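The lines below spell out each chain.
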Amino acid sequence: MTAIHAIAHWFDDRLNPVLVKELRQAVRSWFVIIVLMLFLLLMLVTLTIYLLATDDLGGSFDDGQPIFMILQGMLLGTCLLFVPIYVGVRLAAERADQNVDLLYITTLRPMSIAWGKVVCGLTITLLIYSVCAPFLMLTYLLRGIDLPTIFLALGINLLPMLAVLSLAILIAALPVSVVMKVILAVLLAVGTVSVYTITMTMVSTLVFFGIGGRMGSWEFWGPALAGVLLVVGAAGLFFMLAVAALSPPASNRALGVRVYITALVVVTGAVATALHIVLADDWPFASWYVCAVMLAAMSLVGSACERDTPGARIQRTIPRWRLFRPMAFVLYSGASGGVLWSVLLAMAVFAAGWGNYAWVSTMRIMPVEDAVLHNMQGIWLYVAAYTFTAILIHRYLMPRFKSTMTAALAMLLMAIGTVGPMIVAFFIWPTSWHETERGWWLTSVVSPVVHSGRDFMSSIYLFVGLWLGMAAALAVPWWVRGVRQFTPTSYGAARLAGSVEEVAVTAPAASAVVVESSSTMAAGEGAADG
């Protein structure tokens, strides 16, 4: 007993405190108890009605399939609706302005807080599974469905639930107003309907048609592996973004996100290339290419919102060895480094796309269509041109506004450039405004897709290339200033104070400058954190 108690204490000491707190609240919550009891009663009534309404219950060999799908729909709907709402609302209440100080003064790391929320949601999901399990096992006795199919369906349910739960935690952790969180939650609910429909379609195919004959081939495991990797990768990205949103603004919160995105693009790209060769089909790599370019474009817009000057907390962690400093510059929090990282990520994806196109062609395997490569490159160029334009407008014309306005400004410019010219064309040519030859689509982000495969593509590339080149050239001084400010604490603080040369010449005076600057920046960070 002593050994068992010691093991129990060992596990008890290592449990996530947030998980313990959330589970204690869950077992005391009338909301959780009422939902579970209603769910149990609903399944009991449904199964009873089905058994009473079935005439030839003993003569059929597939009575278990329809009732399993009914129970599966209830289980999936409950998990997708109840669990994200419960976890998200509780985190949003803790993230509210009147309680946000508790998140910053706690000794728990933001990752521990987010991880505790995720595990709490999964634990409640398993609790719902345990309520539903006896009814699902009863469908096995009704014949028509086997136990591996039931367990596989339950495993499939966990994947979309994990992604929706992570996205709900991200929305709850965002430092935005309650109204904006409600709007995002409504959009998440709309998207959850699509997730529910897709999952139910997959499970119904699994139940009614079976997959036993295809489980020995890559035609089954290839799409299955790609789907699992996509959902888990998206859930991990939402989780890392939630951790960054929970971190104080002065912390180096972009480091984990950029490392994760870089690793995600590399790993998924390698898997997509392998599936492309094994299946001799281009859809795995084409899907990866589209997703990777979109991720690089969104990373570029998000990086432009970060602060230009690294805080004292970040400067203390900058490597003093110059060999590691370039890598830290692109991965640490900061607008100039983030923009450079996003551009390098996009260039690497483009190089991988054309490299795959050239390499696979030599293996007599159908390569990814060059139209896909051209279209996604064109869309990224437009997003980059609008983002650099927003950076210039914000940094030189609206420097008093927060840097977070850069993303809103970039998206506003994209909306104006995409929809504005077409509205004008509609009033001039009401019946032929949509004709692409008129050139009204030239400023549109979707212009490369609209003009795909036409002669107008060269004009599009020339236009957006010149635009992006000019905007990037004008942004060079801003970027160079960001590079010069990315220095370790002592030199960085002195540089912000005005003169780094004084540090080398007069050490006592420089020390005073450093102390004064550090105190000022720490006070500024404290105000920003508050």
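Residues numbered from 1 in each chain as written. Predicted model: local features only at pLDDT ≥ 70, side-chain atom pairs only at ≥ 80, totals over all residues. Heavy atoms only, no water.

In the annotation of an unreviewed UniProt entry, the entry for the protein reads ABC-2 type transport system permease protein, and the organism field reads Natronomicrosphaera hydrolytica.

**Q** Talk me through the environment of T149; I want residue IDs and the actual numbers.
**A** Along the chain, T149 turns up in helix α7 (residues 147-173). Considering only alpha carbons, one finds T149 and G210, 61 residues apart in sequence, at a separation of 8.1 Å. Setting aside its immediate chain neighbours within four residues, T149 contacts L206 and V207. A distance of 2.3 Å separates a polar atom in the side chain of T149 from a polar atom in the side chain of D146. (Helix = DSSP H or I, 4+ residues; strand = E, 2+ residues; numbered from the N terminus. Contact = heavy atoms within 4.5 Å. Polar contact = N/O pair within 3.5 Å; in protein donor to acceptor, adjacent residues only side chain to side chain.)

**Q** Any chance you could break down empty space enclosed by the protein for me, citing the residues and the numbers?
**A** In total, this model carries one cavity of 30 Å³ or more according to the counting rule given. By volume, the largest cavity amounts to about 70 Å³. Lining the largest cavity are R307, D308, P310, F329, Y332, S333, G334, A335, S336, G337, G482 and F486. Sort the elements by how many residues they give to the lining of the largest cavity and helix α14 (residues 335-361) lands first, with three residues. A class-by-class count of the residues in the lining of the largest cavity yields five nonpolar, five polar and two charged. (1 Å grid on protein atoms, 1.4 Å probe; cavity = no way out; pocket = protein on both sides within 12 Å on 5 of 7 lines; lining within 4 Å. Points joined across faces, edges and corners; volume = space filled by probe spheres on them. Nonpolar A, V, L, I, M, F, W, Y, C, P; charged D, E, K, R; others polar.)

**Q** I'd like to hear about a nonpolar patch on the surface, residue by residue, with values.
**A** A surface patch of nonpolar side chains, about 900 Å² in accessible area, is lined by W30, I33, I34, M37, L38, L40, L41, V45 and I49. In this fold, L41 is placed in helix α3 (residues 30-53). (Patch = residues over 30% accessible without salt bridge, like charges linked within 9 Å, V, L, I, M, F, W, Y side chains within 5 Å. Areas by Shrake-Rupley, 256 points an atom, 1.4 Å probe, with all protein chains shown as cover. Salt bridge = Lys/Arg side-chain N within 4 Å of Asp/Glu carboxyl O.)

**Q** Go over helix α8 (residues 178-209), please, and point to the residues and values.
**A** Here α8 is 32 residues long and its end C-alpha atoms lie 46 Å apart, about the 46 Å a rise of 1.5 Å per residue gives. Among the residues of α8, K181, L188, T192, T199, M200, V203, S204, L206 and V207 are the ones counted as buried. Those residues of α8 hidden inside the fold are in contact with α4 (64-94) and α7. Looking at the residues trailing α8, positive phi occurs at G210, about 75 degrees. (Expected span 1.5 Å × (residues − 1). Buried < 20%, exposed > 50% of the residue type's maximum accessible area, 1.4 Å probe, protein only.)

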